[in-house]
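What the coordinates show
Spelled out from the first residue to the last, the chains are:
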Amino acid sequence: LEGEFRRNIESIARVVLVFTPWSAPVSLTRAWCLFEIFVCVQRGVPLEVVMPAAQKADFTRALVDDFGSIQMALSKIALD
């Protein structure tokens, strides 16, 4: 199954990862989503991160005015 899944990711040639909410993306709590990210990095498959407009605006604001909130969100990602 793993090999077939890798081949499928390579054949579509691009993966879109939805980050919502940006401060605690649900996709980073799902094993298959993490595996997809891993395969993209390992195989050089482009990975596009998208988020709803309101989330993107909040994330952009945080980049400029409150980078600590981004650091805090990233520090909460647990890979067990």
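Structure first, text after, so check above.
In short, a report on the structure.

Analysis parameters
Residues numbered from 1 in each chain as written. Predicted model: local features only at pLDDT ≥ 70, side-chain atom pairs only at ≥ 80, totals over all residues. Heavy atoms only, no water. Helix = DSSP H or I, 4+ residues; strand = E, 2+ residues; numbered from the N terminus. Buried < 20%, exposed > 50% of the residue type's maximum accessible area, 1.4 Å probe, protein only. Contact = heavy atoms within 4.5 Å. Phe/Tyr/Trp six-rings, centres within 6.5 Å; stacked < 30°, edge-to-face > 60°. Disulfide = S-S within 2.5 Å. Pairing = 2+ DSSP bridges. Right-handed = clockwise from strand over helix to strand, strands pointing away. Core = buried A, V, L, I, M, F, W, Y, C linked by side-chain atoms within 4.5 Å.

Another aspect to go through is the side chain of Arg6. Structurally, Arg6 is set in helix α1 (residues 2–12). For Arg6, a relative accessible area of 11% translates into the label buried. Ignoring any residue separated from it by four or fewer positions in sequence, one finds Arg6 in contact with Phe35, Phe38, Val39, Gln42 and Arg43.

Applying the stated criterion across every chain yields a total of five aromatic pairs. Relative to Trp32, the ring of Phe5 lies with its centre 4.6 Å away and its plane at 55 degrees, an arrangement referred to as tilted. With Phe5 in helix α1 and Trp32 in helix α2 (residues 31–43), this residue pair connects regions lying 27 residues apart in the sequence. Overall, Trp32 belongs to the partly exposed group, its relative accessible area being 45%.

Counted under the stated rule, the structure contains zero disulfides. Looking at the unpaired Cys33, the closest cysteine sulfur is the one in Cys40, lying at 11 Å. By relative accessible area, which is 18% here, Cys33 ends up buried.

This next bit is on the pairing of strand β2 (residues 47–50). Two strands pair when backbone bridges link them, and strand β1 (residues 15–18) and β2 are joined in this way by four bridges, in the parallel orientation. Looking across to β2, one finds that Leu17 is bridged to Val49. Handedness of the β-α-β unit built from β1, α2 and β2 comes out right-handed.

A few words on the nonpolar core. Counting nine residues, the largest nonpolar core consists of Leu17, Phe19, Trp22, Leu28, Ile37, Met51, Ala62, Ile70 and Ala73. The contact partners of Ala62, leaving out residues within four places of it in the chain, are Trp22, Phe67, Ser69 and Ile70. Core analysis: the second largest hydrophobic core is formed by six residues, Ile9, Phe35, Val39 and Val45 among them.

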